[in-house]
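Given next are the chains, with one letter for each unit.
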Amino acid sequence: MAAARFAVILLMASLFVDTSVAVTYTSKLIHRFSDEAKSFWASRNGNVSWPKQRSVDFFRRLLSSDAKRQKLKIGSQNKLLVPSEGSETLFYGNDLGWLHYTWIDIGTPNVSFLVALDAGSDLLWVPCDCIQCAPLSSTYYNMLDRDLSEYIPLVSNTSKRISCSHHLCELSPTCKSPKEPCPYNVDYYSENTSSSGFLFEDELQLASVGDYVSQSLVQASVIIGCGRKQSGSYLDGAAPDGIMGLGLGDISVPSLLAKAALIQNSFSLCIDETYSGRIVFGDQGLTTQQSTLFLPLQGKYITYLVEVTHYCIGSSCLKQTGFQALVDSGTSFTYLPHEIYEKVVLEFDKRVDARKAGLEGFPYCYEASSQDLLNIPSMELIFAMNQSFVIENPMFQITDNQEATLLCLGIHPTDEVIGIIGQNLMTGYRMVFDRENLKLGWSHSNCQDIGDSKRMHLAPPPNDILPNPLPTNEQQNDPSTHGVAPAVAERAPSKPSRSNALTRSWLCSVCLLLLLLSLHCGYLL
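Residues numbered from 1 in each chain as written. Predicted model: local features only at pLDDT ≥ 70, side-chain atom pairs only at ≥ 80, totals over all residues. Heavy atoms only, no water.

## Observations regarding the overall build of the chain
At step 1: When its secondary structure is counted, the chain shows six helices and 27 strands.
At step 2: Out of the 525 residues in the chain, the part that is buried amounts to 47%.
At step 3: A sequence separation of at least 24 residues applies to 67% of the contacts in the chain between residues at least 6 apart. (Helix = DSSP H or I, 4+ residues; strand = E, 2+ residues; numbered from the N terminus. Buried < 20%, exposed > 50% of the residue type's maximum accessible area, 1.4 Å probe, protein only. Contact = heavy atoms within 4.5 Å.)

## Looking at a nonpolar patch on the surface
At step 1: Side chains of Ile152, Leu154 and Val155 sit close together on the surface and give an oily, nonpolar patch of about 340 Å² of accessible area.
At step 2: Structurally, Val155 is set in the loop between strand 5 (124-132) and strand 6 (160-161). (Patch = residues over 30% accessible without salt bridge, like charges linked within 9 Å, V, L, I, M, F, W, Y side chains within 5 Å. Areas by Shrake-Rupley, 256 points an atom, 1.4 Å probe, with all protein chains shown as cover. Salt bridge = Lys/Arg side-chain N within 4 Å of Asp/Glu carboxyl O.)

## Observations concerning the state of the cysteines
Defined simply, a disulfide is a covalent bond joining two cysteines at their sulfur atoms.
At step 1: The final tally for this structure, using the stated rule, is seven disulfides.
At step 2: The disulfide that involves Cys130 links it to Cys133, with 2.1 Å between the sulfurs. Its S-S torsion of approximately -95° makes the covalent link between Cys130 and Cys133 left-handed.
At step 3: What makes Cys130 partly exposed here is its relative accessible area of 30%.
At step 4: Through a disulfide, Cys312 is tied to Cys317; the S-S separation comes to 2.0 Å. (Disulfide = S-S within 2.5 Å.)

## What to know about the packing of aromatic side chains
At step 1: With the rule as written, the count across this model stands at 21 aromatic pairs.
At step 2: Ring centres 6.4 Å apart and planes at 65° place the aromatic pair Phe267 and Tyr304 in the edge-to-face group. Taken together, the positions of Phe267 in strand 11 (residues 266-271) and Tyr304 in the loop between strand 13 (290-293) and strand 14 (305-313) put the pair 37 residues apart, joining distant regions of the chain.
At step 3: Judged by relative accessible area, Phe267 falls into the buried class, the value being 0%.
At step 4: Judged by its relative accessible area of 0%, Tyr304 falls in the buried class.
At step 5: One Lys or Arg, Arg146, reaches over the ring of Trp103 and ends 3.5 Å from the middle of that ring. (Phe/Tyr/Trp six-rings, centres within 6.5 Å; stacked < 30°, edge-to-face > 60°. Lys NZ or Arg CZ within 6 Å of the ring centre and 35° of its normal.)

## A short note on the UniProt feature "active site" (unreviewed entry) in the chain
At step 1: The UniProt record marks Asp118 and Asp328 with the feature "active site" (unreviewed entry), using the residue numbering of this structure. These annotated residues cover 211 residues of sequence, and their C-alpha atoms all fall within 6.6 Å of one another, placing them together at a single site. Within this annotated set, the largest pocket is lined by Asp118 and Asp328.
At step 2: With respect to the helices and strands, Asp118 occurs in strand 4 (residues 111-118).
At step 3: The contact partners of Asp118, leaving out residues within four places of it in the chain, are Tyr188, Ile243, Met244, Gly245, Leu246, Gly247, Asp328, Ser329 and Gly330.
At step 4: Within the structure, Asp118 has its side chain in polar contact with the backbone nitrogen of Gly120 (distance 2.9 Å).
At step 5: Mapped onto the fold, Asp328 is located in the loop between strand 16 (323-327) and strand 17 (334-337).
At step 6: Given a relative accessible area of 10%, Asp328 falls into the buried group. (UniProt positions renumbered as here; feature names shortened; annotations may be inferred. 1 Å grid on protein atoms, 1.4 Å probe; cavity = no way out; pocket = protein on both sides within 12 Å on 5 of 7 lines; lining within 4 Å. Polar contact = N/O pair within 3.5 Å; in protein donor to acceptor, adjacent residues only side chain to side chain.)

## Considerations on the pairing of strand 20 (residues 387-391)
At step 1: The buried fraction of strand 20 amounts to four of the five residues, a majority that puts the element mostly inside the structure.
At step 2: Relative to strand 20, strand 19 (residues 379-383) runs antiparallel, the two sharing five bridges. Paired with Ile382 across the bridge in strand 20 is Ser388.
At step 3: A loop of three residues connects strand 19 with strand 20, the two strands running antiparallel in sequence, and Met385 in this loop sits at a positive phi of about 60°. (Pairing = 2+ DSSP bridges.)

## As for the pattern of salt bridges
At step 1: Overall, the coordinates contain five salt bridges when judged by the stated rule.
At step 2: Close ionic contact of Glu347 with Lys350 constitutes a salt bridge, the shortest N to O distance being 3.4 Å. Here the residue Glu347 and the residue Lys350 both occupy positions in helix 5 (residues 338-351), the gap between them amounting to three residues, near one helical turn.
At step 3: The salt bridge involving Arg351 is made with Glu347; its shortest N-O contact spans 2.8 Å. Linking Arg351 with Glu347, this pair stays in helix 5, spanning four residues, or about one helical turn.
At step 4: Given a relative accessible area of 17%, Glu347 falls into the buried group.

## Re the confidence of the model for the chain
At step 1: When pLDDT is averaged along the chain, the result is 78; 68% of the residues meet or exceed 70.
At step 2: Residue range residues 1-27 is modelled with pLDDT below 50. Its contacts to residues more than four positions away, or to other chains, number 32 contacts.
At step 3: Low confidence marks residues 452-508, where pLDDT is under 50. Its contacts with residues over four positions away, or in another chain, come to 92 contacts. (pLDDT = per-residue confidence, 0-100.)

## Section: the layout of surface pockets
At step 1: Approximately 1200 Å³ is the volume found for the largest pocket.
At step 2: Lining the largest pocket are 46 residues, with Asp118, Gly120, Ser121, Tyr188 and Tyr189 sitting closest to its centre.
At step 3: Elements with a minimum of two residues in the lining of the largest pocket: strand 4, strand 7 (183-187) and strand 16.
At step 4: Looking at the lining of the largest pocket element by element, the count peaks at five residues for strand 7.
At step 5: The residue inventory of the lining of the largest pocket, partitioned by class, reads 27 nonpolar, 13 polar and six charged.
At step 6: Two domains share the lining of the largest pocket, each providing at least three of its residues, namely domain 1 (80-281) and domain 2 (290-444). (Points joined across faces, edges and corners; volume = space filled by probe spheres on them. Nonpolar A, V, L, I, M, F, W, Y, C, P; charged D, E, K, R; others polar. Domains from an automatic or database assignment.)

## Focus on the sheet that holds strand 21 (residues 395-399)
At step 1: Taking strand neighbours across the sheet as the criterion, the three strands line up as 18-22-21 in an open arrangement whose pairing is antiparallel. The open sheet has two edge strands, strand 18 (365-367) and strand 21, and neither has a second partner. Sheet twist, expressed as the average angle between the axes of neighbouring strands with direction ignored, equals 35°.
At step 2: Of the strand pairs in this sheet, strand 18 and strand 22 (residues 405-409) are connected by three bridges, and their pairing is antiparallel. Across the sheet, Glu367 pairs through a bridge with Leu406, a residue of strand 22. (Axes fitted to C-alpha atoms, helices over the stretch in contact; angles between N-to-C directions.)

## Things to note about the environment of Leu99
At step 1: Inspection of the secondary structure puts Leu99 in the loop between strand 2 (88-91) and strand 3 (100-106).
At step 2: For Leu99 and Tyr275, which are 176 residues apart along the polypeptide, the C-alpha to C-alpha distance reads 9.9 Å.
At step 3: Ignoring any residue separated from it by four or fewer positions in sequence, one finds Leu99 in contact with Leu90, Phe91, Tyr92, Ala116, Ala238, Ala239, Gly330, Ser332 and Gln423.

## A word on unusual backbone geometry
At step 1: Put simply, Thr108 and Pro109 share a cis peptide bond, and its omega is -5°.
At step 2: Mapped onto the elements, Pro109 comes out in the loop between strand 3 and strand 4.
At step 3: The phi dihedral of Ala261 is positive, around 60°, even though this residue is not glycine.
At step 4: The residue Ala261 is located in the loop between helix 4 (253-259) and strand 11 in this model.
At step 5: Judged by relative accessible area, Ala261 falls into the partly exposed class, the value being 27%.

Now the structure itself:
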């Protein structure tokens, strides 16, 4: 910091020197551990502890000072966390309900779970002490190479039961006593689909990533639903090993990580053309990304709701096609309010030059041996402030009962007034759920560039493993850093006037006085 102030003052002096006058200014650099510096501090504070030059203590102090400067440089930058088994997300198609999954580790000793990623709900739950759960053997699932797990709270050394008196126990009014175990019951958008059980606190294993970070493990305390009883789609192959809710609720994993000051209150999901992808906690995206604000629902920010002003097919934006939609990674396909759906699919169908082959549940399918043979019109969503979201590929490939290859439109109608932007429209994008600034960001991505040098991340933590208790009710926020706008360099006049020279001389004298005052006040190198 001393060096920075010194450099700024010298820069100010040089800016006001009249280049037509041969004037030179010099300044002596004083090392922080030099004899001059020792005399200066001794005159102000009496006896001071001073290392002997070139001694072990001397070099240790230099090393310690360097470490402090490194923390000042990068310690305030954002920390990115990923699941300890990696940031990769997995897609198993129809075998596991068309959802995206990631492996996570929970408890001590840790147990691995393949959880579906759901931005439309809040709770992280896994099968546990099962009464009614999906099969967990890999023999039931064509694409799995290992069995799924069941969470057993008694086996984890870090597991703690959540009581009805806990501030995150939503069903506490149904409890007979505040000391009772806190129950939970979550109903999902899919018909008759739910999960119920009891809440526990345990540790989620995460890893820090970034350009300035040697990978280290972080143990974060989170709330876990011990899912004893599932129903509906969760018994039919969707999310057999649990759900990680990524919503705005206080109980969600991103909320708890941010409240514990482990990350900025944001995360990103990226899905590439092969349907694999990445999830990164703390990621706020690129400065060049497009964005739109989240909307409150019934006066509260409880879900990722956005406003679409126009739906465009090809080069035409259809009239009266504005609607509100939830952005939900836990929904496989996209759902439009019925009136808007009819306008979109009719215009789309007119522009596709292929034989239509309706399939139960997918009325807009087309026969084609290759997607390239179809003249598929482009689609685009227009958000507020004319922010454009180009739909990379609204089609998906499916094989019917006659083994014919069909390309089907992954858009469906809903009787609700609010639509859903599902994961199929997110393909090819790095979707940033910036909860801190209440906005959705997006940028084209191959999902391999999220941890690259375009972002700067937090320095490595002091220990390999950092235990973090559940946060208190008070939000803990890291002070945000603000960039300084670059200076504008104007071209100087070729022949400075006499008044300009006098002004520069006067200002130069002021700068030198500031320099002397700074040295007097102890801003030593």
